[in-house]
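Reading the structure
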Amino acid sequence: MNDDERPPLDILLCAPRGFCAGVVRAIDAVERALSRYGPPVYVRHEIVHNRYVVDSLKRKGAIFVENLSEIPPTSAPVIFSAHGVPKAVPEEASGRGLFAIDATCPLVTKVHREAELHHRRGRDIVLIGHAGHPEVVGTLGQLPQGSILLVQTLGDVEALCPRDPENLAYVTQTTLSVDDTAEIVAALKQRFPHIAGPHKEDICYATTNRQEAVKRVAPIVDAIIVVGSPNSSNSQRLREVAERSGCPISRLVLHACDIDWDEFTTVKRLGITAGASAPEILVQEIIDAFSERRKVTVETISTTDESVFFPLPRALRDDAAA
Ligand code: SF4
């Protein structure tokens, strides 16, 4: 198709989008470990929830496992993913003499420390999060079984039967829907007026900012594409936020080949964003794929600037090597 035959398409790029500071740090940790110690470097669980990222690290010599039991006796580094791990995991690594490096996002670690502090103060803890997500598994695993009650919905709040309703605290997964979580927190506060909470949100800055940007763009476009993996919690939430903000078509795709092109034939304005674990190269791949079919203009709609940076895990910093 030549230029004149292609129907026009305005792309509105949400900003911020894509990689957050915790993801950059986790990926850098694997790359630094590979360059400093050479392959293999073992990584427990997908370092971040993005297949493209995981496959690129595999090609460089990273070996991904779900359990430490899959790792043979070795002096190679073993890196824990950005989502965090239950306490039993570093304990097992230390028991086996493994060289463990923790790439848990500092904002997830902050939630772990909050939960521990509440526990030391004798409080039972309510964790708002999605059952089975590795971050939730990791947070539940910071304290003895039964110390943390998981709630996912308003119905779960209704059904809660804490041992001491006067002595409760809540923490949350970092990658939830800001609006859903606000509703659940309000319901918790109504049922348990003395419940203690975080001084400032547990939902991280990256999740909040990406959802805000989608809320700005969703009402003024015909469709939104969220670039991300289906197992990425924050990417799934972005898709839901777009849908709830009134966008008629809202799709989560990892690659351009996942796009159902028929759905987009009548779309004149398209919003694009990316989950916190999705690299910009995948966003560009999707813009390029649309450019082959449509005469594309691209405008960035920015709701805030981000300048958050987390240093590498201590064991990988240059001064530690010295
Ligand atoms: S999404 Fe938030 S909590 Fe998760 S790695 Fe990024 S900054 Fe950390």
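Above this text sits the structure in question.
Quantities reported herein were computed from a predicted structural model and do not represent experimental measurements.

**A closer look at the overall build of the protein**
- In terms of helices and strands, the protein carries 11 helices and 12 strands.
- At 21 Å, the protein has a C-alpha radius of gyration in line with the 20 Å of a compact globule built from 322 residues.
- The principal-axis extent of the C-alpha atoms belonging to the protein is close to 70 × 55 × 30 Å.
- When contacts within the protein are restricted to residue pairs at least 6 apart in sequence, those whose partners lie at least 24 apart make up 77%.
- Summed over all atoms, the accessible surface of the protein reaches about 14700 Å², with 52% contributed by carbon and sulfur.
- Of note, the protein has its 35 positive side-chain charges centred 4 Å away from the centre of its 43 negative side-chain charges.

**Quick look at the site of the ligand**
- Close contacts around the ligand come from Cys 20, Gly 22, Val 23, Cys 105, Leu 107, Thr 174, Thr 175, Cys 204, Tyr 205 and Ala 276, and that covers them all.
- In terms of residue class, the shell around the ligand is built from seven nonpolar, three polar and no charged.
- A domain-level breakdown of the shell around the ligand finds at least three residues from each of domain 2 (21–105) and domain 3 (107–191).

**Description of the side chain of Ser 235**
- With respect to the helices, strands and loops of the structure, Ser 235 is situated in helix α9 (residues 233–244).
- Looking at Ser 235, the relative accessible area reads 0%, which means it is buried.
- Those residues in contact with Ser 235 that lie beyond four places of it in its chain are Val 226, Val 227, Gly 228, Ser 229, Leu 252 and Gly 275.

**Looking at the nonpolar core**
- Ranked by internal contacts, the top residues of the largest apolar core, which has 26 residues, are Val 30, Val 43, Ile 47, Val 48, Leu 57, Phe 64 and Ile 79.
- Among the elements of the structure, α1 (21–37), β2 (41–44), α2 (51–60) and β3 (62–65) are those that each provide at least two residues to this core.
- For this core, the element with the most residues is α1, which contributes seven residues.
- Every residue in contact with Val 48, bar those within four places of it in the chain, is listed here: Val 23, Ala 26, Ile 27, Val 53, Val 54, Ala 82, His 83 and Ser 277.
- Counting residues in each nonpolar core, the second largest holds 23 residues, with Val 253, Ala 256, Val 267 and Leu 270 among its members.

**Re α9**
- For α9, spanning 12 residues, the distance from its first C-alpha to its last is 17 Å, which sits close to the expected 16 Å at 1.5 Å a residue.
- Counting buried positions over the 12 residues of α9 gives nine, a clear majority of the element.
- Buried within α9 are the following residues: Ser 233, Asn 234, Ser 235, Arg 237, Leu 238, Arg 239, Glu 240, Val 241 and Ala 242.
- One or two positions beyond α9, positive phi appears at Gly 246, with a value near 100°.

Basis of the calculations
- Numbers given to residues run from 1 along each chain, matching the order in which its sequence is written.
- Residue-level local features of this predicted model are given only where pLDDT is at least 70; pairs of side-chain atoms are given and counted only at 80 or more, and the full residue set underlies all totals for whole chains, interfaces and linings.
- Heavy atoms from the whole structure form the basis of all side-chain values; hydrogens and water molecules are not counted.
- Labels follow the DSSP assignment, with helices taken as runs of H or I lasting at least four residues and strands as runs of E lasting at least two, numbered in each case from the N terminus.
- The globule rule used here is 2.2 Å times the number of residues to the 0.38 power, and the radius of gyration it is set against is calculated over C-alpha atoms.
- Note on contacts: a residue pair is in contact if any heavy atoms of the two residues lie within 4.5 Å.
- Here, Shrake-Rupley sampling with a 1.4 Å probe gives the accessible areas, and only protein chains in the shown set may cover a residue.
- Asp and Glu count as negative and Lys and Arg as positive, but His and the ends of the chain are not part of the count.
- Just so you know, the charge point we use is NZ for Lys, CZ for Arg, CG for Asp and CD for Glu.
- A single heavy atom is enough: if one lies within 4 Å of a molecule or strand, its residue is considered near that molecule or strand.
- Residues are grouped as follows: nonpolar covers Ala, Val, Leu, Ile, Met, Phe, Trp, Tyr, Cys and Pro; charged covers Asp, Glu, Lys and Arg; every other residue, Gly included, is treated as polar.
- All domain edges in this entry derive from an automatic or database-based domain assignment.
- For each residue, the accessible area found with a 1.4 Å probe, counting protein chains only, is set against the maximum for its type, and the residue is called buried under 20%, exposed over 50%, and partly exposed in between.
- Nine residue types can take part in a nonpolar core, namely buried Ala, Val, Leu, Ile, Met, Phe, Trp, Tyr and Cys, and a core is a set of them joined through side-chain atoms within 4.5 Å.
- The length a helix should cover is 1.5 Å for every residue beyond the first.

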